[in-house]
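Close look at the chain arrangement
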Amino acid sequence: LVSIEFQWGLTRIAGRYLAHQEGLPKLPVPPLQQTCERYLAALTPIVDPEELNHTRKLLEEFQKPGGVGERLQKGLEQRGKKMENWLSDWWLQTAYLDYRMPVVVHSSPGVVLPRMEFSDRQGQMRYAAKLIAGVLDFKSMIDNETLPVEYLGGKPLCMNQYYQVLSSCRIPGTKRDTVVNYTLDKRPPTHITVVHNFQFFVLDVYNSDGTPLTVDQIYIQLEKIWNSSLQTNKEPIGILTSNHRNSWGKAYDNLIKDKTNQESVRAIQKSIFTVCLDAPMPHASDDMYRTRAGVQMLHGGGSRWNSGNRWFDKTLQFIIGEDGTCGLIYEHAPAEGPPIVCFPMMVRTPMVPLRMPQKLHFNITPEIKMDIEEAKQNMNIMVHDFDMKVSVFSHFGKDFPKSQKMSPDAFIQMALQLAYYRIHKRCCPTYESASLRMFRLGRTDTIRSTSIDSDKFVKAMDDPNIEKVALLDKAVKAHRAYTDMAIRGQAIDRHLLGLKLQAIEDLAALPEIFMDTSYAVALHFNLSTSQVPAKTNCVMCFGPVVSDGYGVCYNPMDTHINFAVSAFNSCQDTNAARLAQALEDALLDIKTLLEQTPKAKL
């Protein structure tokens, strides 16, 4: 059994979902003074001294007894008392639904799974059938609330996100989006959508007695779908979902005026998940293969390739290429890590004749045709602008930092700080996501990897006259401490956001700390990073969050590390391959540094 786990160091214990959820603590509101102090410390390495002084004064003003800060803090604490989670609704809105850039590249992460040993449609469909059956097994655990509860460091984690990823979809709006979830409907969906050659099909995956179809039954249905979608000249209606959210919102309203279109769109939105049977991508050499697979998962390669073979608003889409390239892409609003997928062994049972999967039809008016053309052009511009390098660092993995009694994640983050500093000659605001799943409905907070200690270390690293090991040790420990603080709900970013949104909700004047240059600098994350450990050799990829930034995702295995680095070609200063190379050099240089230093000094 292959199981793909997108979790870190978790143990699972079966338990009833709701009883478990109610036992979880609520997300705390950190103390105001603590956040203000930590905010100043986080700004120190990234803003100039004058700015810092100005911000220090604003923070003193903000914290005065009986002042603005105290009032907003009380408001947040009240909100915390009456809500399950004071942050989750706000976060969903501000981080995702109000965000107007395309979800493609800018928001939705892709995951590349290990390459499969098939290169024809039979292999592709056989694998797709096993995968669908595996996800249905997983779904039955969700439906029966027998999904084993996960623990991290002995503490139970919130399982809510697993209940959000199936039968859900994002709906575009002209100003803000919404998310719909059909899991709790009186008649929950029993179909998935399959898309092949830009054509969508409804595939019922349950028999009339409620049992899921077997692998063999699914295979037969997929073959029917394949054979009735051989034309390759169909309009790629799905590409509309890749456009800027306001444009797609307008096109959507226009698209669903037609009853047939509305029914087809609704069938996709309601489906449990989507399976994309992709055409082969242009051939790539072995060393470029992973990178090409990464872009196939993230954007599909452009309108000539597989970008129209998607419905990017769908929470979960599995992508299976005819050439053995497999993975998934997920819409980020409902959940963080994609759910666990298990592939069951083949099951053979007697065959019942199944009805033909229903093809979804779209009536394409000249106006919709124009919307499709615009989305194609924008997608192709995005594809040309997107720069990615997926690489395997094969010299060591978690094993080496562990042998040095250092946290592997902190070790990799310090190497990343060094790599960035060597290229850009400065430190930058760095985002690493930390899970808040110890709390009810918890999502994420930010680990700010750039610290006063990391700054000292990277500046000293290439200076032969400075003793560096102690500085590295201190920087790694500072990162570890920030991480622990973040997962306990004591980081600064979500708290500051909460104070800002509380002011907006109170219709009060926005406090000056939020209109300060330092705040804008602090939120301009030139490095957006995430550790996504998985037990299998997969790698996750996502785009940068700012135009002159990088996206860096890594999966540290025992003896190697999988990296995906992204950037935009339109920015002259950034280059994904260059950062990937600098990262490799930095990891090796830090290892050399530690090996040359007698242990007694540590």
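In case you missed it, the structure is sitting above this.
Note that the coordinates shown come from a computational prediction; the quantities given were computed from them, not determined experimentally. Here the residue index of a chain counts from 1 through its sequence in written order. In view of the model being predicted, local features appear only for residues whose pLDDT reaches at least 70, and side-chain atom pairs are presented and counted only at 80 or more, with totals across whole chains, interfaces and linings using the full set of residues. Hydrogens and water are ignored here; the side-chain numbers use all heavy atoms of the structure.

**A closer look at the packing of helix H13 (residues 408-424) against helix H15 (residues 469-487)**
- Packing of H13 against H15 brings their axes to within 9 Å, and their N-to-C directions diverge by 120°. With respect to their mutual orientation, H13 and H15 come out oblique. Two packed elements cross with a definite hand, and for H13 against H15 that hand is right-handed. Residues Asp-409, Ala-410, Phe-411, Gln-413 and Met-414 of H13 pack against Leu-472, Ala-475, Val-476, His-479 and Arg-480 of H15. Axes, fitted as lines to C-alpha atoms, cover a helix only where it is in contact. Angles between the N-to-C directions of the axes lie from 0 to 180 degrees. Counting from the N terminus, the helices are the DSSP runs of H or I reaching at least four residues and the strands are the DSSP runs of E reaching at least two. Any angle between 65 and 115 degrees counts as roughly perpendicular, while under 35 counts as roughly parallel, over 145 as roughly antiparallel, and the rest as oblique. The handedness criterion is simple: a crossing whose near helix is rotated anticlockwise from the far helix by less than a right angle is left-handed, and one whose near helix is rotated clockwise is right-handed. Any two residues whose heavy atoms approach within 4.5 Å are treated as being in contact.

**A few points about the sheet that holds strand S3 (residues 110-112)**
- Note on pairing: DSSP must find at least two bridges between two strands before they are called paired. If you walk across this open sheet you meet the eight strands as S14-S9-S8-S10-S11-S12-S3-S19, and the pairing is mixed. The sheet is open, and its two edges are formed by strand S14 (358-359) and strand S19 (539-541), each paired on a single side.
- Two elements, strand S8 (residues 191-196) and strand S9 (residues 199-204), share six bridges in a ladder whose sense is antiparallel. Bridge pairing in S9 links Val-195 to Phe-200.
- Here helix H10 (residues 286-298) sits on the sheet and contacts S3, strand S10 (274-278), strand S11 (316-321), strand S12 (326-330) and S19; the angle it forms with S3, its principal contact strand, is near 145°.

**Regarding the nonpolar core**
- Counting 94 residues, the largest nonpolar core has Ile-132, Ile-192, Leu-222 and Phe-273 as its most contacted members.
- In terms of residues, this core owes the most to one element, helix H6 (residues 121-143), which gives eleven residues.
- Ignoring any residue separated from it by four or fewer positions in sequence, one finds Leu-222 in contact with Met-125, Ala-128, Ala-129, Ile-132, Val-194 and Leu-203.
- Counting residues in hydrophobic clusters, the runner-up holds 47 residues, among them Val-47, Leu-436, Tyr-482 and Ile-487. Take the buried Ala, Val, Leu, Ile, Met, Phe, Trp, Tyr and Cys residues and link them wherever side-chain atoms come within 4.5 Å; each set so joined is a nonpolar core. Burial classes follow relative accessibility: with a 1.4 Å probe on protein chains only, a residue under 20% of its type's maximum area counts as buried, one over 50% as exposed, and anything between as partly exposed.

**Focus: the pairing of S10**
- Most of S10 sits inside the fold, with five of its five residues counted as buried.
- Pairing of S8 with S10 involves four bridges; the strand directions are parallel. Bridge pairing in S10 links Val-194 to Val-275.
- Taken together, the five bridges between S10 and S11 define a ladder with parallel strand orientation.

**Details of the pattern of salt bridges**
- Note on definitions: salt bridges are taken to be side-chain nitrogens of Lys or Arg within 4 Å of carboxyl oxygens of Asp or Glu. With the rule as written, the count across this model stands at 31 salt bridges.
- The salt bridge involving Asp-177 is made with Arg-170; its shortest N-O contact spans 2.7 Å.
- With its nearest N and O atoms 3.0 Å apart, the salt bridge here joins Lys-369 to Glu-235. Here Lys-369 is found in helix H11 (residues 366-385), whereas its partner Glu-235 is found in the loop between helix H7 (215-227) and helix H8 (245-255), with 134 residues between them in sequence.
- Here Glu-235 falls in the partly exposed class, since its relative accessible area comes to 24%.
- In the salt-bridge network here, residues are joined through shared partners; they are Arg-100, Arg-170, Asp-177, Arg-245, Asp-313 and Glu-331.

**Focus on the pairing of strand S21 (residues 561-568)**
- Counted residue by residue, S21 has eight buried out of eight residues, so it is predominantly covered.
- Residues Ile-561, Phe-563, Val-565 and Ala-567 of S21 are buried on one face, and the alternating residues Asn-562, Ala-564, Ser-566 and Phe-568, pointing to the opposite face, are buried as well.
- Pairing geometry for strand S15 (residues 386-393) and S21, over eight bridges, is antiparallel. Considered in S21, the bridge of Phe-386 is made with Phe-568.
- One ladder, built from six bridges, connects strand S20 (residues 550-556) with S21; its direction is antiparallel. Opposite Val-552, over in S21, you have Val-565 as the bridge partner.

**A few points about unusual backbone geometry**
- Phi at Glu-145 is positive, roughly 55°, even though this residue is not glycine.
- As for its position among the elements, Glu-145 is in the loop between H6 and strand S4 (149-152).
- We note that Leu-441 has phi near 60°; this positive angle belongs to a residue other than glycine.
- Take Leu-441: it is sitting in the loop between strand S16 (430-435) and strand S17 (444-448).
- On the basis of relative accessibility, which here comes to 25%, the residue Leu-441 falls in the partly exposed class.

**Here we look at the state of the cysteines**
- Two cysteine sulfurs form a disulfide in these notes if their separation is within 2.5 Å. The final tally for this structure, using the stated rule, is zero disulfides.
- Looking at Cys-538, it has no disulfide partner, and the nearest cysteine sulfur is the one in Cys-553, 9.6 Å off.
- Cys-541 carries a free sulfur, and the closest cysteine sulfur to it, the one in Cys-553, is 7.3 Å from it.
- The exposure class assigned to Cys-541 is buried, which follows from its relative accessible area of 1%.

Just geometry here; none of it tells us what the structure is for.
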